[in-house]
Amino acid sequence: MQEFQGKTVYKGTAMGKVVILKEKDCVVKRIHINDVQAEMARYEQASKEAARQLRVLYDKACREVGEANAAIFEVHRMMLDDEDYVDAIRNIIETESVNAAYAVAVTGDNFAEMFAAMDDDYMKARSADIKDISDRLVHILEGTGEADLSGMEAAVVIADDLSPSQTVQMDKEKILAIVTVHGSANSHTAILARTMNIPALIGVPLHLEEISSGMKAIVDGSAGRVILEPTETQCQEAEEKIAAEHRQASRLQELKGRPSVTPDGRRIHVYANIGSTSDIGYVLENDAEGIGLFRSEFLYLGREDFPAEEEQFQAYRQVLQMMADKKVIIRTLDIGADKKADYFHFEKEENPAMGYRAIRICLKQPEIFKTQLRALLRAAVYGNLSIMYPMIIAVEEVQRIAVIMKEVRQELEQAGIPFAIPEQGIMIETPAAVMISDKLAQLVDFFSIGTNDLTQYTLAIDRQNEKLDDFYNPHHEAVLRMIRMVVDNAHKYGKWAGICGELGADLALTEEFIRMGLDELSVSPAMVLPVREKIITFAK
Ligand code: PEP
Ligand code: MG
């Protein structure tokens, strides 16, 4: 039995087998092999397993994101059997008498470089595909778990760190808990773990090379503790805790269907935050009254090229239709900082959190912005959509957005494409926006306060820097005063104001938020019912 202490990202208890998610670019050791034929057979076997995984991924992707996006897995399956690629691997195993994983890794690197050096953009892009299938084969040969957890039983996922795109690609049904050695409690990966409603710990000082997949583990999210190979007594205690958590969850279930109204009759809308269409299940399951933040940038992550207008339109329409006439607030692209996609070709920045991101990209590269706006306006016909713009710092930005919006509207009109103009608001997540919120309130329909970034910029604390978690005080008086100021300015001009940052779910502050006059709280789906309970039982 071994115990390790980390930091809580999401509470809750889980018990099960461990799957280690090794870093994608792990160094593969070169090992001399005596039985070359046996190694060759291992490679053939691994290749078959990779093909099986890709078929499963293709089917899953077809269901979740449509056939066109799923096609990449078919391409990968074909590349797996590419004659030149297979010959090169076999050749290395045979002539050098080395392990298959090494032969695959070397071949993968060589082919990836060869593709990357080509002039044709399509061929260049195949470089990443070759790396991807080689990584898949290496993981299978090395017996290490990787992002594809399909076909496995639900497990406790342990990793050095997880990027937002890795997290978003994981099959949520297969994850009992997430434990990482690094990472920050305020990162998007942490936010995703909360959305998925699974116990999660970060900053756990584990030595991954000493742990193997298949070990038993207990994750105690509330205590920030992970226990490897627990004793019989610890297992019993964990089972009791899991049962008690289930009982508490059933108590909250009774609040489903009830409006979030204080005893003196004030209605506070409790909405949910999501990152992808596949999170809608959690939203409905937890009876959220709407979606207060759809982080649309996740549509842009974990892929090799921009999502086309049609693909975005389908995704937005799906959310709107599934939410029927409930409000759905979609935030326009907030990429940059920790959310990166290679095809954007971001330059290296000294301070990415204060760099080229979010609305700045959209205003500098309006073609990207317009594609998204067109998709949004077309989708607006199908439900109760609101659009919100991130990282606003100036009145001029809102005015420029209005000009671009007008152009998009005219283009759609001219093309005779059906569309609707939705309610439009902005995120208040910079101190600048707070200080001019009286002016901004006159230009928009609503404010949604992004306390994650607002706290970061107000306290000058990088939300990604795990060393600063102790200094990151979201209850800081400066932040609370700013929230009050924003609400007052919104109301002065007859607009509504909500919170969509993580602070909105902080039950210790719900009553204060009600007193401040907030109209809406948008929280991770699992927190909808606990927040509703606080509102219903609010004592002045
Ligand atoms: C925020 O900053 O509070 C917010 C909701 O946006 P994100 O966490 O995606 O930056
Ligand atoms: Mg933000």
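As shown above, the structure is provided for reference.
How each quantity is defined
Residues numbered from 1 in each chain as written. Chains lettered and ligands numbered in written order. Predicted model: local features only at pLDDT ≥ 70, side-chain atom pairs only at ≥ 80, totals over all residues. Heavy atoms only, no water. 1 Å grid on protein atoms, 1.4 Å probe; cavity = no way out; pocket = protein on both sides within 12 Å on 5 of 7 lines; lining within 4 Å. Points joined across faces, edges and corners; volume = space filled by probe spheres on them. Helix = DSSP H or I, 4+ residues; strand = E, 2+ residues; numbered from the N terminus. Nonpolar A, V, L, I, M, F, W, Y, C, P; charged D, E, K, R; others polar. Core = buried A, V, L, I, M, F, W, Y, C linked by side-chain atoms within 4.5 Å. Buried < 20%, exposed > 50% of the residue type's maximum accessible area, 1.4 Å probe, protein only. Contact = heavy atoms within 4.5 Å. Pairing = 2+ DSSP bridges. Axes fitted to C-alpha atoms, helices over the stretch in contact; angles between N-to-C directions.

Student: Would you mind showing me how to read empty space enclosed by the protein here?
Tutor: It is the rolling of a water-molecule-sized probe over the atoms that shows where space remains empty. Using the criterion set out here, one finds one cavity of 30 Å³ or more in the structure. Each pocket or cavity is described by its volume, and for the largest cavity that value is around 80 Å³. Sorting the residues of the lining of the largest cavity by element identifies β10 (290-295) and α16 (451-459) as the ones contributing at least two each. The element contributing the most residues to the lining of the largest cavity is α16, with three residues. In terms of residue class, the lining of the largest cavity is made up of three nonpolar, five polar and eight charged.

Student: Any chance you could explain the nonpolar core here in plain terms?
Tutor: Nonpolar side chains in soluble globular proteins generally cluster together in the buried interior. In terms of nonpolar packing, the biggest core is built from 87 residues, with Tyr 389, Phe 447 and Ile 483 touching the most fellow members. With residues up to four places along the chain from it excluded, the contact list for Ile 483 reads Ile 449, Thr 451, Ile 499, Leu 503, Phe 513, Met 516 and Leu 518. One finds Val 36, Leu 57, Leu 80 and Phe 111 within the second-largest nonpolar core, a separate group that totals 32 residues.

Student: How should the pairing of strand β5 (residues 175-180) be read in this particular structure?
Tutor: Along any regular strand the residues' side chains alternate between the sheet's two faces. Within β5, five of the six residues are buried, which leaves the element mostly enclosed by the surrounding structure. Taken together, the five bridges between strand β4 (residues 155-159) and β5 define a ladder with parallel strand orientation. Bridge assignment links Val 156 to a residue of β5, and that residue is Ala 177.

Student: Can you walk me through the sheet that holds strand β15 (residues 496-499) in this structure?
Tutor: The strands making up a sheet associate through backbone hydrogen bonding, with each pair oriented either parallel or antiparallel. The eight strands lie next to each other as β9-β10-β11-β12-β13-β14-β15-β16, forming a closed barrel whose pairing is parallel. Taking the axes of each pair of neighbouring strands and ignoring which way they run, one obtains an average angle of 25° across the sheet. Note: strand β9 (residues 269-274) against strand β16 (residues 520-523), four bridges, orientation parallel. When the bridges of β16 are listed, Tyr 271 appears paired with Ser 522.

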